[in-house]
Amino acid sequence: MSDSILRKTEQQLEVALQAARMGTWAIDFATNALTTSELCRKDYGWPVSQPMTNDDLLRLIHPDDRKLREKLIGRALAAQQDLEVEYRVIRPDGETVWILVRGRADYDDNGVPVRAQGVSLEITDRKRAEERQRSLVAELNHRVKNTLAIVQSLALQTHRTTDNPVAFMAALNARVRALAKAHDLLTENSWEGAMLKDVIGRTLDPYAADWRLEIAGPPVRLNAETAVALNLAFHELVTNAAKYGALSAPGGAVGVTWTIDRSLQPEVIEIVWLELGGPPVDPPTRRGFGSHVLEAGLTHELDGVVTLDFRREGLVCTMRYSASGRMYGVT
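Residues numbered from 1 in each chain as written. Predicted model: local features only at pLDDT ≥ 70, side-chain atom pairs only at ≥ 80, totals over all residues. Heavy atoms only, no water.

## Overview of empty space enclosed by the protein
If you roll a probe as big as a water molecule over the atoms, it shows you where there is empty space left. We count it as follows: Only protein atoms enter the 1 Å grid used here, on which a cavity is any set of points holding a 1.4 Å probe that cannot leave and a pocket is any open set flanked by protein within 12 Å on both sides along at least five of seven lines; residues with an atom within 4 Å of a point are listed as lining. Grid points are joined across faces, edges and corners, and a volume is the space filled by probe spheres set on the points. For this classification, Asp, Glu, Lys and Arg are treated as charged, while Ala, Val, Leu, Ile, Met, Phe, Trp, Tyr, Cys and Pro are nonpolar and the rest, including Gly, are polar.
Counted according to the given criterion, the structure contains one cavity of 30 Å³ or more. Counted as a void, the largest cavity has a volume near 30 Å³. For the largest cavity, the full set of lining residues is Gly245, Ala246, Glu275, Gly278, Pro279, Val281, Glu313, Gly314 and Leu315. By residue class, the composition of the lining of the largest cavity is four nonpolar, three polar and two charged.

## As for the sheet that holds strand S9 (residues 253–261)
In plain terms, the rule: At least two bridges found by DSSP between two strands are what make those strands a pair. Strands are runs of DSSP state E lasting at least two residues, helices are runs of H or I lasting at least four, and both sets are numbered from the N terminus onward. As a rule, the C-alpha atoms of each element are fitted with a line to give its axis, helices using only the stretch in contact, and angles between N-to-C directions run from 0 to 180 degrees. Here, two residues are considered to be in contact whenever any of their heavy atoms come within 4.5 Å of each other.
Spatially, five strands are ordered S7-S9-S10-S12-S11 in an open sheet, and the strand pairing comes out mixed. With partners counted over all chains shown, the strands left at the sheet margins are strand S7 (212–216) and strand S11 (305–311), one partner each. In this sheet, neighbouring strand axes are inclined to one another by 10 degrees on average, regardless of whether the strands run parallel or antiparallel. When strand S10 (residues 268–276) meets strand S12 (residues 314–322), the two strands line up antiparallel, connected through seven bridges. The partner of Val272 across the bridge, within S12, is Thr318. Most of the contacts of helix H8 (residues 224–243) go to S10, to which it runs at about 15 degrees, and overall it touches S9, S10 and S12.

## Observations regarding the sheet that holds strand S2 (residues 33–36)
Taken in spatial order, the five strands line up as S2-S1-S5-S4-S3 in an open sheet, and their pairing is antiparallel. Looking along the sheet, the strands with just one partner apiece sit at the ends: S2 and strand S3 (83–90). Going across the sheet, the axis of each strand differs from the next one's by a mean of 25 degrees, ignoring polarity. In this structure, S3 lies alongside strand S4 (residues 96–107), joined through eight bridges in antiparallel fashion. Counterpart to Glu84 in the pairing with S4 is Arg102. Running over the sheet, helix H4 (residues 66–78) touches S3, S4 and strand S5 (113–122) and is turned about 160 degrees from S3.

## What about the pattern of salt bridges?
Rule in force here: By definition, a salt bridge exists where a carboxyl oxygen of Asp or Glu is found within 4 Å of a side-chain nitrogen of Lys or Arg. Throughout, exposure labels follow a simple rule: accessible area from a 1.4 Å probe, protein chains only, divided by the maximum for the residue type, with under 20% read as buried, over 50% as exposed, and the rest as partly exposed.
Tallied over the entire structure, the rule returns 17 salt bridges. Glu188 serves as the salt-bridge partner of Arg202, at 3.0 Å between the closest nitrogen and oxygen. On the criterion of sequence distance, the pair formed by Arg202 in helix H7 (residues 196–204) and Glu188 in helix H6 (residues 165–188) is long-range, its members being 14 residues apart. The class for Arg202 is partly exposed, based on a relative accessible area of 27%. Across the pair Arg262 and Glu267 runs a salt bridge, and its minimum N-O distance is 3.4 Å. Residue classification places Arg262 among the partly exposed residues on the basis of a relative accessible area of 46%.

## As for the environment of Ala216
Mapped onto the fold, Ala216 is located in strand S7. Counting along the chain gives 41 residues from Ala216 to Thr257, while the straight-line C-alpha distance between them is 4.9 Å. When sequence neighbours within four positions are dropped, the list of residues in contact with Ala216 reads Val256, Thr257 and Trp258.

## Some points on the packing of H7 against H8
For clarity, the cut-off: Working rule for handedness: look at the near helix, and if it is turned counterclockwise from the far one by less than a right angle, call the crossing left-handed; if clockwise, right-handed.
At a closest axis distance of 9 Å, the pairing of H7 and H8 adopts a crossing angle of 35 degrees. Read as a crossing pair, H7 and H8 show a hand that is right-handed. Between H7 and H8, the contacting residues are Leu196, Val199, Ile200, Thr203 and Leu204 on the first element and Ala227, Leu230, Asn231, Phe234, His235 and Val238 on the second. Its residues placed into classes, the contact of H7 with H8 shows eight nonpolar, three polar and no charged.

## Some thoughts on the packing of H6 against H7
This is how the line gets drawn: The cut-offs work like this: below 35 degrees is roughly parallel, past 145 is roughly antiparallel, 65 to 115 is roughly perpendicular, and the gaps in between are oblique.
Axis separation between H6 and H7 bottoms out at 10 Å; the angle between their running directions is 140 degrees. Classified by the angle between their axes, H6 and H7 sit oblique to one another. Where H6 crosses over H7, the handedness of that crossing is right-handed. Across from Lys181, Asp184, Leu185 and Glu188 in H6, the residues of H7 making contact are Asp198, Val199 and Arg202. Here the contact of H6 with H7 is composed, by residue class, of two nonpolar, no polar and five charged.

Here is the structure:
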């Protein structure tokens, strides 16, 4: 091969390596001499104009990754296999990055490695993406388990508070649909939470065309767990209102308002569900599933206080929670 063809081939290889963001390296095992390209030195955070020795490189490797790196390199050399290893590097400026090293060794007649060469690639972005993916899978697993636990609880409590299979199926289906609405809303927001107004509006929307509904309050963002819990609570309230309360009679009205008491530290959010214009209200003789969701489940889930006031003129449900805890973010 002529010198011009060789130079052209080397130039093409250099362009390809730069396009792939790969540095090159070579090490002589007899002398411990390390040769690196500028891009390789840049991956390690080393000044590109200064040579980097093998001892320099070893000092940059994260202490927690040194033994594993040595083990993988030793295993590859012993088996005369291609080398591939990933490890963290602490650059001279203190930044920690991930490096992928691939290479191949040359051996003498006795099978002793005499030289190795290969490429390096900085893969920090890829490792972070993998970590995010693992976190998302773990979060998805957590949410699926939580959802199954909620459905199991809904089925059990609905069975305890209904008198026949038909009523059981109707009530359970309605509650599962309410749970699905909450999940739809959270999915639209990438499961990063939802606004309180949207949670209430989504639950009451089927009644908006025929009944007087008032929803008003300052912006309050809920996390995912709180959004689901409040969605189920408002489902029970509106279902009860449609069967027995303000939404069961012409001229009935429901108001849902909330305020933030900023004079307290931490700030306190108060949500008030108010029914008017329905049939006269008598306090229930027994607590049904809806009351259980509100007084026990919601209080426990949100670490707050829930009161049900069965006034003659209409039910009033008041919920009070701290805005500084894990449940709310005031915007």
